[in-house]
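Results of the structural survey
Here is what each chain is made of, one letter per residue.
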Amino acid sequence: MDFRDKPMQNLMRIQEKDVCKNARMLLLDGEQVVGAYKTVRDQVVFTSHRIIAVDMQGVTGTKQEIFVLPYRKVQHFGIKTAGFGDPLQTSEMTICFADGHETKFGFIGQEDLFRVANAISRCIL
């Protein structure tokens, strides 16, 4: 998974219990899950301190590549809300890191977008 080449689109909310085991094992004491989402196979978890992105690989998805993106490295972010007539009410967040790295996440709905934006804002302001 290369965040520079392709954004994670059509993220659907999942329950915290459905987050893959390896991502759950990375959570620190006191770290709260703000939202957990999945594409068809991949997952992304926004916590109170960072983003944990899981690229499921192989036929069974047992091989995983995990990326950890700390909010303290976020320089700025932008959001794009859904427009009139958008049947899925898709929204998008672009996050820019201090090293020039940029990543995009596309959400189905807007409620989750603002929940994640608030969590990031608490860490970078």
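A brief structural summary. In this numbering scheme, every chain counts its residues from 1 along its sequence in written order. Totals for whole chains, interfaces and linings use all residues, but because this is a predicted model, local features are given only for residues with pLDDT of at least 70 and pairs of side-chain atoms are given and counted only at 80 or more. Values shown for side chains rest on all heavy atoms present in the structure; no hydrogens or waters enter the calculation.

Focus: the pattern of salt bridges
Basic side-chain nitrogens of Lys or Arg form a salt bridge, by our definition, when they fall within 4 Å of a carboxyl oxygen of Asp or Glu. In this structure the tally under the stated criterion is 5 salt bridges. A salt bridge links D112 to R13, with the shortest nitrogen-to-oxygen separation between them at 3.6 Å. Here the residue D112 occupies a position in helix α2 (residues 111-124), and R13 occupies one in strand β1 (residues 8-14), the gap between them amounting to 99 residues. Among the salt bridges present, the one from D112 reaches R115, with a minimum N-O distance of 2.4 Å. Put simply, DSSP marks the helices as runs of H or I at least four residues long and the strands as runs of E at least two long, and each gets a number from the N terminus on.

Regarding the packing of aromatic side chains
In summary, the pairing rule links any two rings of Phe, Tyr or Trp, Trp by its six-membered ring, whose centres are within 6.5 Å, and it sorts them by plane angle into stacked for under 30 degrees, edge-to-face for over 60 and tilted for everything else. Throughout the structure, instances matching the rule amount to 4 aromatic pairs. Summarising the aromatic geometry, the rings of Y37 and F46 are spaced 5.9 Å apart at their centres and angled 70° between planes, so their arrangement reads as edge-to-face. Each member of the pair, Y37 as well as F46, carries the same accessibility label: buried. Centre to centre, the rings of F46 and F105 are 5.2 Å apart; their planes meet at 75°, and the pair counts as edge-to-face. Placement of F46 in strand β3 (residues 43-47) and of F105 in strand β8 (residues 102-108) is noted, with a sequence separation of 59 residues between them. Among the aromatic residues, those joined into a ring-pair cluster are Y37, F46, F105 and F107. The buried label applies to any residue whose accessible area, calculated with a 1.4 Å probe on protein chains only, is under 20% of its type's maximum; exposed applies above 50%, and partly exposed to all values in between.

Some words on the environment of G78
Mapped onto the fold, G78 is located in strand β6 (residues 74-80). As for G78 and E92, which are separated by 14 residues in sequence, their C-alpha atoms are 8.3 Å apart. Once residues lying within four places of it in the same chain are set aside, the contact partners of G78 are E92, M93 and T94. Should any heavy atoms of two residues lie within 4.5 Å, those residues are counted as being in contact.

Digging into the nonpolar core
Nonpolar cores are built from buried Ala, Val, Leu, Ile, Met, Phe, Trp, Tyr and Cys residues. Side-chain atoms within 4.5 Å join them into one set. By size, the foremost hydrophobic cluster in this structure holds 19 residues, and its most contacted members are V44, F46, I51, M93, I95, F105 and F107. Every element with two or more residues in this core is listed here: β1, β3, β4 (50-57), β7 (90-97), β8 and α2. Counting residues per element, this core draws most heavily on α2, at 4 residues. Those residues in contact with F107 that sit more than four places away from it in its chain are L11, Y37, F46, Q89, T90, S91, M93, D112, L113 and V116. Counting 9 residues, the second largest nonpolar core, distinct from the first, contains V19, C20, A36 and V54.

Brief notes about unusual backbone geometry
A positive phi is found at N10, a non-glycine position, where the angle reads about 55°. Of note, N10 is situated in strand β1.

A short note on the sheet that holds β6
The 8 strands are arranged β5-β4-β3-β2-β1-β8-β7-β6 in an open sheet whose pairing can be described as mixed. Each edge of the open sheet carries a strand with a single partner, namely β5 (63-70) and β6. With direction set aside, neighbouring strand axes in the sheet form an average angle of 25°. Here a strand pair is declared whenever DSSP counts at least two bridges between the two strands. In this sheet, β4 lies alongside β3 in antiparallel orientation, the contact comprising 4 bridges. In the strand pairing of β4, V45 is matched with I52. Fitted lines through C-alpha atoms serve as axes, helices being fitted only where they are in contact, and the angles separating the N-to-C directions of these axes extend from 0 to 180 degrees. Each of β1, β2 (33-38), β3, β6, β7 and β8 is contacted by α2, which is oriented at about 160° to β6, the strand it contacts most.

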